[in-house]
Amino acid sequence: MTIYIESFLLQNILINLALLRLVYVSLRQKTNLFRLILASIFGSIFSIIASAYLNNHYIINLLKVICASVIIIIAFKQCFKNFILSIILLFVYTFSFGGIIMSLAKTSYQSNFGIILSNDINLEAICLIIISISYIYEKLIKNLKFKIKSNQLIYKVELHNGKHRLRLNAFLDTGNNLNINGQPVLIVDISTYCKLLKKNLVDFYLEKGQTVSVATVSGASQMKLIKIDKLTLFINKNIKTYNNSYIAINNSSIFKDTNYQALLTPLFL
């Protein structure tokens with residue numbers, strides 16, 4: 001069986017890089033792409049040297065552990081506890097990856113350093129797919145963590161005005177201290193205003209009334225201010241009620257593509 005050294009080296013680099021990426025997304029240790037590639041190259045060179053010059057399986061297995069340790073040291077900056085976890089995960093992913101490849105193999109060849117497999121599926125393509133999936137997974141995890149944090153700041157609010165009642169989600173804006181004479185003000189969008197008061201956009205823009213100045217990082221703006229009969233805030237199992245509460249109507253699209261329709265000031269809590 002003919003094995004080309006450049007193909008063997010490239011495959012090992014990609015395999016090592018894929019495994020290190022999986023370790024990284026699992027533990028989130030401090031690293032960068034250069035360190036991961038450098039560690040992958042070191043592991044690949046070690047594989048070539050071991051397969052060419054070593055025959056004793058005990059020595060090879062010992063050197064594998066040493067090599068894995070050096071790879072982890074090169075790839076990540078971490079404490080000793082995370083170093084041990086990284087090595088364990090590296091071997092877990094290695095055996096898992098090896099099992100998948102062996103199940104797809106057509107033929108195999110025993111070398112000094114391990115089994116060399118041959119199949120109709122391009123191994124480089126598999127490694128690149130795994131590396132790509134690791135980046136996608138990393139982005140999804142970041143987005144999921146952000147969603148979880150955001151959802152912890154979302155409260156149920158019920159607005160009452162006459163016979164009309166409307167329940168919606170309100171996001172706790174920790175930097176928002178909007179109030180009228182010490183009374184907290186809820187910021188809602190135009191859609192909420194129209195549903196609650198049973199009016200349309202023309203009524204909103206033609207109707208005269210009190211306004212409130214709201215300062216943001218992009219500057220100050222005026223929001224129309226109205227008073228409703230009652231605002232009910234649900235905090236876990238507790239309920240707070242505010243009679244004759246003020247709401248400010250935002251006519252921009254700040255709530256677009258969000259799962260909330262209002263901004264809540266900490267003064268409500």
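Notes on the structure in this doc start here. (Residues numbered from 1 in each chain as written. Predicted model: local features only at pLDDT ≥ 70, side-chain atom pairs only at ≥ 80, totals over all residues. Heavy atoms only, no water.)

**Considering the packing of aromatic side chains**
1) Next: For the structure shown, the criterion picks out four aromatic pairs.
2) Next: A centroid spacing of 5.1 Å and a plane angle of 90° characterise the contact between Tyr242 and Phe268, whose relative ring orientation is edge-to-face. You can see Tyr242 sitting in strand S9 (residues 238–250) and its partner Phe268 sitting in the segment after strand S10 (262–264), a full 26 residues away along the chain. Phe268 carries the same exposure label as Tyr242, and that label is buried.
3) Next: The cationic tip of Arg21 hangs over the ring face of Tyr135; the distance from NZ or CZ to the ring centre is 3.7 Å.
4) Next: A cation sits over an aromatic face here: Arg167 above Phe234, 4.5 Å from the ring centre. (Phe/Tyr/Trp six-rings, centres within 6.5 Å; stacked < 30°, edge-to-face > 60°. Helix = DSSP H or I, 4+ residues; strand = E, 2+ residues; numbered from the N terminus. Buried < 20%, exposed > 50% of the residue type's maximum accessible area, 1.4 Å probe, protein only. Lys NZ or Arg CZ within 6 Å of the ring centre and 35° of its normal.)

**A look at helix H3 (residues 57–75)**
1) Next: Between its first and last C-alpha, H3 extends 26 Å over 19 residues, near the 27 Å set by a 1.5 Å rise per residue.
2) Next: Along H3, the residues classified as buried are Ile60, Cys67, Ala68, Ser69, Ile71, Ile72 and Ala75. (Expected span 1.5 Å × (residues − 1).)

**Focus: the environment of Lys163**
1) Next: Tracing the backbone shows Lys163 in the loop between strand S3 (154–161) and strand S4 (164–172).
2) Next: According to the relative accessible area criterion, Lys163 is exposed, its value standing at 84%.
3) Next: Taking the C-alpha atoms as reference, Lys163 lies 9.5 Å from Leu196; in sequence the two are 33 residues apart.

**Brief notes about unusual backbone geometry**
1) Next: The phi angle at Arg28 is positive, at roughly 55°, despite the residue not being glycine.
2) Next: Inspection of the secondary structure assignment puts Arg28 in the loop between helix H1 (5–27) and helix H2 (33–53).
3) Next: A residue is classified by how much of its surface remains accessible, and Arg28, at 35% relative accessible area, is partly exposed.
4) Next: The phi dihedral of Asn244 is positive, around 50°, even though this residue is not glycine.
5) Next: Note that Asn244 resides in strand S9.

**Description of the nonpolar core**
1) Next: If you look at the biggest cluster of nonpolar residues, it comprises 27 residues, and the most contacted ones within it are Leu20, Leu36, Ile72, Ala75, Phe76, Leu90 and Phe97.
2) Next: Going through the elements one at a time, H1, H2, H3, helix H4 (80–104) and helix H5 (123–151) are the ones with two or more residues in this core.
3) Next: Of the residues forming this core, the biggest block, nine residues, is contributed by H1.
4) Next: The residues contacting Ala75, other than those within four sequence positions of it, are Leu20, Lys30, Thr31, Arg35, Leu36 and Ala39.
5) Next: Counting residues in hydrophobic clusters, the runner-up holds 26 residues, among them Tyr155, Ala170, Tyr193 and Leu196. (Core = buried A, V, L, I, M, F, W, Y, C linked by side-chain atoms within 4.5 Å. Contact = heavy atoms within 4.5 Å.)

**Focus: the pattern of salt bridges**
1) Next: For the structure on display, the rule yields two salt bridges.
2) Next: Residue Arg165 pairs with Glu158 through a salt bridge whose shortest N-O separation is 3.9 Å.
3) Next: Linking Arg167 and Glu158 is a salt bridge whose minimum nitrogen-to-oxygen distance equals 3.3 Å.
4) Next: Relative accessible area serves as the criterion here: at 49%, Arg167 is assigned to the partly exposed category. (Salt bridge = Lys/Arg side-chain N within 4 Å of Asp/Glu carboxyl O.)

**A closer look at the pairing of strand S6 (residues 183–189)**
1) Next: Burial within S6 is extensive, with six of its seven residues counted as buried.
2) Next: Sheet topology note: the strand S5 (residues 179–180)/S6 ladder contains two bridges and is antiparallel. Of the residues in S6, the one forming a bridge with Ile180 is Gln183.
3) Next: Counted along the chain from S5 to the antiparallel partner S6, the turn is two residues long, and its residue Asn181 has a positive phi close to 55°. (Pairing = 2+ DSSP bridges.)

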